[in-house]
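Descriptive analysis of the structure
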Amino acid sequence: MNGHSLLKKKSDALTKRFRDILGRIKDQKGEMGDLMKTAAFSLTHAKRDAGDIAQTVVENVKQASYKVRMAQDNIAGVKLPVFHPIHHAEALVQDLTGLSKGGQRVSASRVLFTKALENLVSLASLQTAFVTLDAVIRVTNRRVNALEYVVIPKMENTIKFIESELEEIEREVLYFIKMVFDINLSYLDV
């Protein structure tokens, strides 16, 4: 019975965290839509002011300026992956300056897309945790239900059967003792 209550508490804790993550995903997806819309408009303005910058950007990139590291979060014995960004030195986009402030537009666009990328990494972390928790909650709930509706009732029925058998054996022993005692008294009377 103690294992059942522990599994039930684990299920409740996981479900609480699951709902919390679901709410955060909903908020972050709304924020992500707004951020991506703003970043896309910013890129359009940068292309208008600086021209086609794709080739120049590709030539200036030596290494990734944004990487992701994975860690683990432990909730009630369940390890959830959590992604953390690793920022490298910011590459300056000074070669892209033009007559109509194209470099400034490109830098502003880069900042907005970096924020969108940070939000995307956070969202990916939440969604991965969401999927993992969903699978674990299902397994845990199956175990709780199996204990609650199959194992515990079987054990209770077995205990009741054993108790009734022991009571019957006790009655038989008492009857046997009474008979032996009556027989011994009849010998004494003779």
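Attention in this report is confined to the structure presented alongside it. Throughout, residues of each chain are indexed from 1 in the direction in which the sequence is written. Only residues with pLDDT of 70 or above have their local features reported here, since the model is predicted, and side-chain atom pairs are shown and tallied only from 80 upward, although totals for entire chains, interfaces and linings are computed over all residues. No hydrogens and no water enter the side-chain calculation; it runs on all heavy atoms of the structure.

Digging into helix α1 (residues 2–50)
- Over its 49 residues, α1 runs 68 Å from end to end, which matches the ideal 72 Å to within 8%, given 1.5 Å per residue.
- Counting from the N terminus, the helices are DSSP H or I runs at least four residues long and the strands are E runs at least two residues long. Count one or two residues on from α1 and you reach Gly51, which has phi positive near 85 degrees. Expected helix span is taken as 1.5 Å per residue step, with the number of steps being one fewer than the number of residues.

Re the environment of Phe83
- Inspection of the secondary structure assignment puts Phe83 in strand β2 (residues 78–87).
- According to the relative accessible area criterion, Phe83 is partly exposed, its value standing at 23%.
- For the pair Phe83 and Leu126, spaced 43 residues apart in sequence, the C-alpha separation works out to 8.9 Å.
- Beyond its immediate sequence surroundings of up to four residues, Phe83 is in contact with Val68, Arg69, Met70, Val121, Ala124, Ser125 and Thr128. Three exposure classes are used, based on accessible area relative to the maximum for each residue type with a 1.4 Å probe and protein chains only: buried under 20%, partly exposed in between, and exposed over 50%. By the convention used here, residues are in contact when the closest approach between their heavy atoms is within 4.5 Å.

Re the pattern of salt bridges
- We define a salt bridge as a side-chain nitrogen of Lys or Arg found within 4 Å of a carboxyl oxygen belonging to Asp or Glu. Counted according to the given criterion, the structure contains three salt bridges.
- One salt bridge in this structure joins Asp20 and Arg24, with 3.7 Å as the shortest N-O distance. Linking Asp20 with Arg24, this pair stays in helix α1, spanning four residues, or about one helical turn.
- With a relative accessible area of 38%, Asp20 lands in the partly exposed category.
- The partly exposed category is assigned to Arg24, whose relative accessible area is 39%.
- Measuring nitrogen to oxygen at the nearest pair gives 3.4 Å for the salt bridge that ties Arg138 to Asp134. Within this pair, Arg138 and its partner Asp134 are both found in helix α3 (residues 102–189), separated by four residues, close to a single helical turn.
- Overall, the relative accessible area of 25% leaves Asp134 in the partly exposed class.

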